Amino acid sequence: MKVLMKPIEMIAYFEQEGIPTPIRFRTSSENGLHIVIKVNKIITKTEEKLAGNKMYVFRCMSFINGIEKVYELKYELSTCKWFLFKI
Amino acid sequence: MGKSPDRIIFHIDVNSAYLSWEAVHRLQHGSELDIRKIPSVIGGDPVERRGIVLAKSIPAKKYNIKTGETLYSAMQKCPKLAVFPPRYDLYVRCSTAMHKILKEYSPKIQRFSIDEFFIDYTNMEKHFGNPIEGANIIKNRIHKELGFTVNIGISSNKLLSKMASDFSKPNKVHTLFPNQIPDKLWPLPVEDLFMVGKATAQKLHKIGINTIGDLAKYNPKSLEKHLKSHGILIWNFANGIEDSPVLDSPSNIKSIGNSSTIPFDVEDKNTAHMILLALVETVCMRLRNEHHRAGVVSISLKTNEFISYSRQKKLNCHTDSTNFIYETAISLFDETWKGEPLRHMGVRLSDLCSSEAVQLSIFEPEEWLKQKQLDSVIDKIRIKYGTDKIMRAVFLNSGIKPLLGGVSEEDYPVMSSII
């Protein structure tokens with residue numbers, strides 16, 4: 001997997017405890033077109049506090065252009081931003 | 001289990017703090033380059049190449065780059081040097097996260113500076129194992145959770161634990177108990193001892209003291225003749241004698257100050273007054289923010305030939321009024337300044353007391369109440385809409401920033417003289 005750390009638009013749901021689960025997100029592909037990716041499966045969910053900055057890291061699986069891919073999403077609590085971290 | 005009369009004190013010190021924190025922050029945000037592994041420094045402005053080195057990576061150390069030297073000279077030593085500007089908000093966040101972890105291991109924690117903590121581990125053995133095991137648990141947890149490395153020094157007092165954490169870096173636990181002093185502490189050069197600076201070291205060399213051991217074995221009475229009470233203090237330190245408690249309420253601020261190096265030489269009174277005003281504005285805002293009032297105002301000046309001097313004045317009554325403090329600062333300045341070009345100016349407020357319960361003074365001028373309200377409104381506007389939204393007319397088209405300084409590491413001093 002390659003590190004991208006690309007900001008993305010996200011639809012997610014938040015549990016009563018405040019924990020988010022990503023559902024689907026939109027990002028632009030290399031040719032500038034928007035693509036929407038549905039999160040098919042969340043394999044792991046971890047929390048990191050590197051440099052005191054809390055982030056949730058999700059390892060997910062989706063079909064992208066017909067190929068099943070594993071990638072990582074990050075949610076930064078201090079900025080409420082979602083990132084496509086690695087793919 | 002027998003009661004141990006000795007305390008167990010840990011000193012936790014982040015390895016090249018500002019640089020490690022920046023590195024971890026960058027890695028978390030997708031950078032593939034670990035700036036700890038290349039020659040890099042934190043400090044100043046990388047574009048204007050102004051400022052000094054605040055922290056350096058281990059590879060930068062190999063180029064003989066020193067903390068405190070100018071960026072210009074560091075770049076000459078290593079032209080490929082990567083320079084990153086300081087980010088105090090990040091440092092405060094890292095420090096707070098570390099404090100939160102440490103709180104789980106002892107009720108007594110002292111934040112000695114932004115990247116150094118003392119914790120009292122006495123009687124914690126039953127919970128987390130012997131001191132070395134406990135220290136390793138803490139060290140590894142910080143590394144795993146927060147991503148940066150620390151050194152931990154273990155001893156029976158704060159001074160020795162601080163000396164121990166400095167032995168060899170990074171990511172290590174060291175002990176320095178009183179019985180290890182002759183082997184571990186005494187062979188070190190005397191400059192390595194806490195509170196022995198350049199000037200003191202020179203004086204010590206002159207009387208034949210080169211190692212900490214030489215100092216420890218010297219006659220304290222003759223040392224007092226040479227160095228006054230400071231001689232006794234460092235003699236005690238060289239012998240590992242120090243018994244201050246771990247103070248768990250470090251937020252007891254003793255003074256608030258601000259200073260700025262000016263990009264040009266200040267040669268006239270008006271400009272100097274404006275710079276003082278800009279400094280006073282930020283200092284007073286911080287003072288009010290901390291709900292304090294000050295009883296002493298001091299100013300410090302540094303000329304273009306790096307000669308510094310300072311003056312202070314005790315006020316009739318405690319105040320947090322920008323105008324009143326400014327008037328005191330300029331009267332001090334007018335008394336002190338001899339007309340030489342100035343490169344650096346600073347304002348510091350001390351003898352602080354809480355502004356929540358204040359002794360009213362019959363000397364307090366009547367217009368203070370109005371000024372208080374004005375200050376409070378200005379503070380609110382600046383907090384809500386930004387500091388540049390309201391400024392004094394004197395700064396219009398002056399080229400001088402209406403507020404100088406800001407959140408600086410003076411909130412958490414890098415090195416304190418009081419252990």
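What this report covers is the structure whose coordinates are included nearby. (Residues numbered from 1 in each chain as written. Chains lettered and ligands numbered in written order. Predicted model: local features only at pLDDT ≥ 70, side-chain atom pairs only at ≥ 80, totals over all residues. Heavy atoms only, no water.)

1. Considering the overall build of chain B
Looking only at helices and strands, chain B features 15 helices and 13 strands. Expressed as lengths along the three principal axes of its C-alpha atoms, the size of chain B is roughly 65 × 55 × 45 Å. In chain B, of all internal contacts separated by at least 6 residues, the share reaching a separation of at least 24 is 64%. As presented, chain B carries roughly 21,600 Å² of accessible surface, and 54% of it is formed by carbon and sulfur atoms. (Helix = DSSP H or I, 4+ residues; strand = E, 2+ residues; numbered from the N terminus. Contact = heavy atoms within 4.5 Å. Areas by Shrake-Rupley, 256 points an atom, 1.4 Å probe, with all protein chains shown as cover.)

2. What about the pattern of salt bridges?
One pass over the structure, following the stated rule, counts 21 salt bridges over all chains. Linking B:Asp320 and B:Lys372 is a salt bridge whose minimum nitrogen-to-oxygen distance equals 3.3 Å. Separated by 52 residues along the polypeptide, B:Asp320 in the loop between β11 (308–319) and α14 (322–336) and B:Lys372 in helix α15 (residues 368–385) bring together distant segments of the chain. B:Asp320 gets classed as buried once you look at its relative accessible area, which sits at 6%. Sharing partners across several salt bridges, the network here consists of A:Lys49, B:Glu104, B:Arg141 and B:Glu145. (Salt bridge = Lys/Arg side-chain N within 4 Å of Asp/Glu carboxyl O. Buried < 20%, exposed > 50% of the residue type's maximum accessible area, 1.4 Å probe, protein only.)

3. Digging into the nonpolar core
Residue and element names in this part refer to chain B. In this structure, Phe10, Trp21, Met98, Ile142 and Phe148 are the most contacted members of the largest nonpolar core, which totals 39 residues. If you list the elements that add at least two residues to this core, you get β1 (9–14), α1 (17–28), β4 (82–84), α4 (88–102), β6 (116–120), α6 (131–146) and β7 (150–155). Both domains that meet at this core, namely domain 1 (9–16 + 89–180) and domain 2 (26–86), each give it at least three residues. Discounting residues that sit within four places of it in the chain, Phe10 has contacts with Phe117, Phe118, Ile119, Tyr121, Pro131, Gly134, Ala135, Ile138, Ile152, Gly153, Ile154 and Ser161. Ile256, Val280, Leu332 and Leu404 belong to the second largest nonpolar core, which has 35 residues in total. (Core = buried A, V, L, I, M, F, W, Y, C linked by side-chain atoms within 4.5 Å. Domains from an automatic or database assignment.)

4. Examining a nonpolar patch on the surface
On the surface, A:Met1, A:Ile43 and A:Val70 cluster together into a nonpolar patch covering about 250 Å² of accessible area. Turning to its location among the elements, A:Met1 is positioned in the segment before β1 (3–14). (Patch = residues over 30% accessible without salt bridge, like charges linked within 9 Å, V, L, I, M, F, W, Y side chains within 5 Å.)

5. Describing the sheet that holds β1(B)
Residue and element names in this part refer to chain B. The mixed open sheet is built from five strands, whose spatial order is β5-β6-β1-β7-β8. Strand pairing shows two members of the sheet lacking a second neighbour, β5 (109–113) and β8 (173–175), which therefore form its edges. Taking the axes of each pair of neighbouring strands and ignoring which way they run, one obtains an average angle of 20 degrees across the sheet. Examined bridge by bridge, β1 and β6 share five bridges and lie antiparallel to one another. Residue pairing across strands places Ile9 opposite Asp120, the latter belonging to β6. Packed on one face of the sheet, α4 meets β1, β5, β6 and β7 and runs near 155 degrees to β5. (Pairing = 2+ DSSP bridges. Axes fitted to C-alpha atoms, helices over the stretch in contact; angles between N-to-C directions.)

6. Brief notes about the interface of chain B and chain A
Contacts between the two partners involve 15 residues from chain B and, on the opposite side, 12 residues from chain A. With both chains or domains summed, chain B and chain A bury close to 1,100 Å², and 56% of this area falls on carbon and sulfur atoms. Contact with chain A buries surface across chain B, with B:Gln28, B:His29 and B:Arg93 losing the most and accounting together for 49% of the total. Linking chain B to chain A there are one salt bridge. A salt bridge links B:Glu145 to A:Lys49; its shortest N-O distance comes to 3.3 Å. Counting across the interface, chain B meets chain A through seven residue pairs in polar contact (both at pLDDT 80 or more). Among the secondary structure elements, those contributing two or more residues to the side of chain B that touches chain A are α1, α4 and α6 of chain B. Taken together, the residues of the side of chain B that touches chain A break down into six nonpolar, five polar and four charged. (Buried area = accessible area lost by both parts, 1.4 Å probe. Polar contact = N/O pair within 3.5 Å; in protein donor to acceptor, adjacent residues only side chain to side chain. Nonpolar A, V, L, I, M, F, W, Y, C, P; charged D, E, K, R; others polar.)

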